[in-house]
Amino acid sequence: MRQSTRKFMLSAAVLALLTAGAQAGSHGGGNAAANPEMAQLKGEAVGIIKTFFKELKGTLVGAMKEKGPAGAVDVCAAKAQEITARYNKEGWEVGRTALKLRNPKNAPDAWEKAVMEEFAKKIAEGADPKKLAKAEIVEQDGKKVFRFMKAIPTGKACLNCHGDKVNDDVLAVIRKHYPQDQATGFKVGQLRGAFTLSKPLN
Ligand code: HEC
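For clarity, every value in this text was computed on a predicted model and none was experimentally measured.

Enquirer: Give me the site of the ligand: which residues, what numbers.
Expert: Neighbouring the ligand are 22 residues; R102, C158, C161, H162 and R192 lie closest to it. Take H162: an N or O atom from its side chain is 2.9 Å from a nitrogen atom of the ligand. Y178 places a polar side-chain atom, nitrogen or oxygen, 2.8 Å from an oxygen atom of the ligand. Secondary-structure elements contributing two or more residues to the shell around the ligand are α2 (34-86), β3 (143-153) and α4 (159-162). Counting residues per element, the shell around the ligand draws most heavily on α2, at eight residues. Here the residues of the shell around the ligand sort into 14 nonpolar, four polar and four charged.

Written out as structure tokens, the structure reads:
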């Protein structure tokens with residue numbers, strides 16, 4: 001399970017320095033040693049997201065076919081967290097989060113919230129949501145942690161359960177599992193949420 005209260009302790013100044021270092025590195029100067037490591041970690045993160053997404057999508061599509069959207073909410077409610085937890089291995093913490101949440105267990109921390117706000121701004125400015133990702137090495141509780149997020153855009157199939165005209169029978173099942181649900185009202189192309197991964201370094 002993701003910890004929504006996960007401590008995020010990093011001053012803006014240190015963050016700015018790390019970001020500047022990473023950027024300088026990518027232009028051949030400064031923090032060059034960090035770069036191959038960053039590339040390697042990014043590659044691992046993208047690989048995990050691919051398999052994770054495939055499994056989630058397969059489960060969802062199967063449930064939709066078999067039981068329709070209302071029944072699929074039950075399946076999703078029963079399995080999403082369990083599937084997610086299985087990807088927490090070899091140091092990686094893996095999850096999904098959003099600015100407008102369905103499951104409060106998926107709540108973002110400060111870093112995740114800021115990254116998603118940046119994604120949403122870029123989408124509003126015309127960026128392709130499928131290409132939005134963010135990688136950074138931050139310091140948490142005195143330790144270096146690699147963090148990675150990838151935007152999850154709203155697709156057409158998502159509207160059954162996240163759109164602005166969700167059927168009443170589907171809404172009823174959503175409210176049963178998630179009385180505080182905020183995750184409806186989305187349109188195709190909008191930011192639905194993001195994959196979020198982290199791994200402590202050394
Ligand atoms: C059958 C209904 C259904 C469909 C269709 C559906 N979702 Fe969801 N979605 C859910 C449920 C239920 C949860 C809560 C899962 C949990 O407990 O973590 C959820 C959670 C999420 C979350 C995690 C953040 C949060 O708010 O808790 C994201 C991101 C998300 N959905 C994206 C999508 C996208 C993108 C699509 C389309 C590809 C989609 N969903 C289609 C029911 C659905």
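Enquirer: How would you explain the nonpolar core if you had to name every residue and give the values?
Expert: Among the nonpolar cores identified, the biggest contains 18 residues, and F52, W92, V94, F146 and L197 are the most heavily contacted of them. Residue assignment for this core shows that the elements contributing at least two residues are α2, β3 and β4 (191-200). When residues in this core are grouped by element, the largest group, eight residues, is from α2. W111, F119, V138 and M149 belong to the second largest nonpolar core, which has 12 residues in total.

Enquirer: Explain the coordination of the iron atom of the ligand to me, and be specific about the residues and the numbers.
Expert: When a metal holds four donors in a tetrahedron, each ideal angle between them is 109.5 degrees; when it holds six in an octahedron, the ideal angles are 90 or 180 degrees. No other protein atom reaches the iron atom of the ligand as a donor apart from H162 (NE2), found 2.1 Å away. Structurally, the position occupied by H162 is in helix α4.

Enquirer: Go over the packing of aromatic side chains with me, naming the residues and quoting the values.
Expert: Scanning the model with the defined rule gives five aromatic pairs in all. Measuring from centroid to centroid gives 5.0 Å for F52 and Y87, while their planes differ by 45°, and the two rings are tilted. Taken together, the positions of F52 in helix α2 and Y87 in the loop between α2 and β1 (93-97) put the pair 35 residues apart, joining distant regions of the chain. Note on accessibility: F52 and Y87 belong to one class, buried. Taken together, a centroid distance of 6.0 Å and an interplanar angle of 85° make the contact between W92 and F146 edge-to-face. A residue pair is termed long-range when its members are at least 10 positions apart, and W92 in the loop between α2 and β1 and F146 in strand β3 qualify at 54 residues. Exposure remark for W92: the relative accessible area of 4% places this residue in the buried category. Looking at F146, the relative accessible area reads 0%, which means it is buried. Taken together, the ring pairs connect F52, F53, Y87 and F195 into an aromatic cluster. Taking the ring centre of Y87 as reference, the NZ or CZ of K89 above it sits at 5.8 Å. Just above the ring of F186 sits the side chain of K100; from NZ or CZ to the centre is 5.5 Å.

Here is what the cut-offs are and how they apply
Residues numbered from 1 in each chain as written. Predicted model: local features only at pLDDT ≥ 70, side-chain atom pairs only at ≥ 80, totals over all residues. Heavy atoms only, no water. Near = heavy atom within 4 Å. Polar contact = N/O pair within 3.5 Å; in protein donor to acceptor, adjacent residues only side chain to side chain. Helix = DSSP H or I, 4+ residues; strand = E, 2+ residues; numbered from the N terminus. Nonpolar A, V, L, I, M, F, W, Y, C, P; charged D, E, K, R; others polar. Core = buried A, V, L, I, M, F, W, Y, C linked by side-chain atoms within 4.5 Å. Buried < 20%, exposed > 50% of the residue type's maximum accessible area, 1.4 Å probe, protein only. Donors = N, O, S within 2.8 Å, 3.2 Å for Na, K, Ca; no water. Phe/Tyr/Trp six-rings, centres within 6.5 Å; stacked < 30°, edge-to-face > 60°. Lys NZ or Arg CZ within 6 Å of the ring centre and 35° of its normal.

Note that all results are geometric; they support no functional claim without further evidence.
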